[in-house]
Amino acid sequence: MNLWMYVFLVLPLLGSAYVFWRLWAMLPIALVWKSCLIGGLSVGLIAAFGLFIYLRNENNLTLFSWAYNVSTSWLIILLYLVMVFLVLDVGRWLKLVPSSFMVNSGVGTLSVLAFITMLFVYAHLRYKNKVRQELTLTTEKKLDQPLKLVLMSDLHLGYHNGRKELARWVDMVNAEQADAILIAGDIIDISVKPLLHEDMAAEMRRLNAPVYACLGNHEYISGDNSAKSFFHAAGIRLLRDEVDTIKGINIVGRDDRMNKGRKQLARMMQEVDTNKYTILLDHQPYHLEEAEQAGVDFQFSGHTHQGQVWPISLIVDNMYENAYGSSQRGKTHYYVSSGMGIWGGKFRIGTVSEYVVAKVR
């Protein structure tokens, strides 16, 4: 186990201990009821995280789905509870918050509960609302015709985004009447099992335009061979260091950087007719200069989720040259999407879930 895995495990434990300690002090109820409430929450969360780890490769989809949703949602809720209690503790230290608000306080308890409830109802509704982003791409290169493309990334289909949710997304995309649909990786979340169980491939086949995709890191997490089988059944043209041409434009798909043996982009582009408008699908938006140097006209990426929630979005913004939205290097345009779906808890705070409708002229 590497250092980051230890950090990932230890920080939630420390955060949970801090939050439960502050809740214990704040709750205005008898000791026995505090013990039952805090103890019950602790046991439930331990069970969820334990089952999430233990059932990872089992076939109990319902139980694993519960464990997945509870444990990953708690990580995000915990982040905000820690921030709330830190602000209150600093406020008390500065004499801005009275001690009576923090100890055996019905007002304090109801205030924290109301704030967290309203925030995460809003965050869930914000996630459910898929934002339609418009993008116009112009070129001096000859096109057979102006094109309308739907661009998506990071669907993360699986234990939390099931077939019912996918059907809603398919209807939204079909309404665009696009010439092609391009997906920049992470169609699968952490396992292909729930996609096979719900036959989500049949839902993907309802898409009314040719679908092209590259792999993301989560396809490798879910199991590369199983992922490829799903793509084939779903009618998706998977591009792994390959190029295809549709309506006079090149679609280049890079394998994910999880594959250390993937081709260099410069080498791939030697086989591409760059007199045609060229779109690159590359899941993780690292080394954007490579697309510029190779003569790519437009690169579409995902992966970042723009951090999913604030303030993680601030960290992500500093990790990438472009963590979200449009940018340009020389004659090469870029768009990094925050994703149609999401990993873990279905919350968006300060970010959006989106799909992009691009017109190439």
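Preceding this section is the structure that the text describes.
The rules behind the values
Residues numbered from 1 in each chain as written. Predicted model: local features only at pLDDT ≥ 70, side-chain atom pairs only at ≥ 80, totals over all residues. Heavy atoms only, no water. Core = buried A, V, L, I, M, F, W, Y, C linked by side-chain atoms within 4.5 Å. Buried < 20%, exposed > 50% of the residue type's maximum accessible area, 1.4 Å probe, protein only. Helix = DSSP H or I, 4+ residues; strand = E, 2+ residues; numbered from the N terminus. Contact = heavy atoms within 4.5 Å. Salt bridge = Lys/Arg side-chain N within 4 Å of Asp/Glu carboxyl O. Pairing = 2+ DSSP bridges. Axes fitted to C-alpha atoms, helices over the stretch in contact; angles between N-to-C directions. Parallel < 35°, antiparallel > 145°, perpendicular 65-115°, else oblique. Left-handed = near helix turned anticlockwise from the far one by under 90°. Nonpolar A, V, L, I, M, F, W, Y, C, P; charged D, E, K, R; others polar.

## Some details on the nonpolar core
Formed by 35 residues in total, the largest nonpolar core has its most connected members in Met152, Ile181, Ile183 and Phe230. Looking at this core element by element, the count peaks at five residues for helix 5 (residues 163–174). Here Ile181 is in contact with Val150, Met152, Val173, Leu207, Ala209, Pro210, Val211 and Tyr212, once residues within four sequence places are set aside. In terms of nonpolar packing, the next biggest core, distinct from the first, is built from 28 residues, Met26, Ile38, Phe101 and Ala123 among them.

## Digging into the pattern of salt bridges
Should the charged atoms of two oppositely charged side chains come close, the side chains can pair. Under the criterion given, the structure shown has 19 salt bridges. Put simply, Arg132, Glu134, Lys148 and Glu176 are held in one network by salt bridges that share partners.

## Some points on the sheet that holds strand 10 (residues 325–329)
Pairing is mixed in the open sheet, where six strands are placed in the order 6-7-8-9-11-10. The open sheet has two edge strands with one neighbour each: strand 6 (242–246) and strand 10. Across the sheet, the mean angle from the axis of one strand to that of its neighbour is 20 degrees, orientation sign disregarded.

## Re the packing of helix 2 (residues 31–54) against helix 3 (residues 61–93)
The axes of two packed helices give the description: the angle between them and the distance between them. Running from N to C, helix 2 and helix 3 cross one another at 120 degrees; their axes reach a closest spacing of 8 Å. One finds that helix 2 runs oblique with respect to helix 3. Classified by chirality, the crossing of helix 3 by helix 2 is left-handed. Where helix 2 approaches helix 3, its residues Gly44, Leu45, Ala47, Ala48, Phe49, Leu51 and Phe52 are matched on the opposing element by Leu63, Phe64, Trp66, Ala67, Tyr68, Val70, Ser71, Trp74 and Leu75. Of the residues assigned to the contact of helix 2 with helix 3, the class counts are 14 nonpolar, two polar and no charged.

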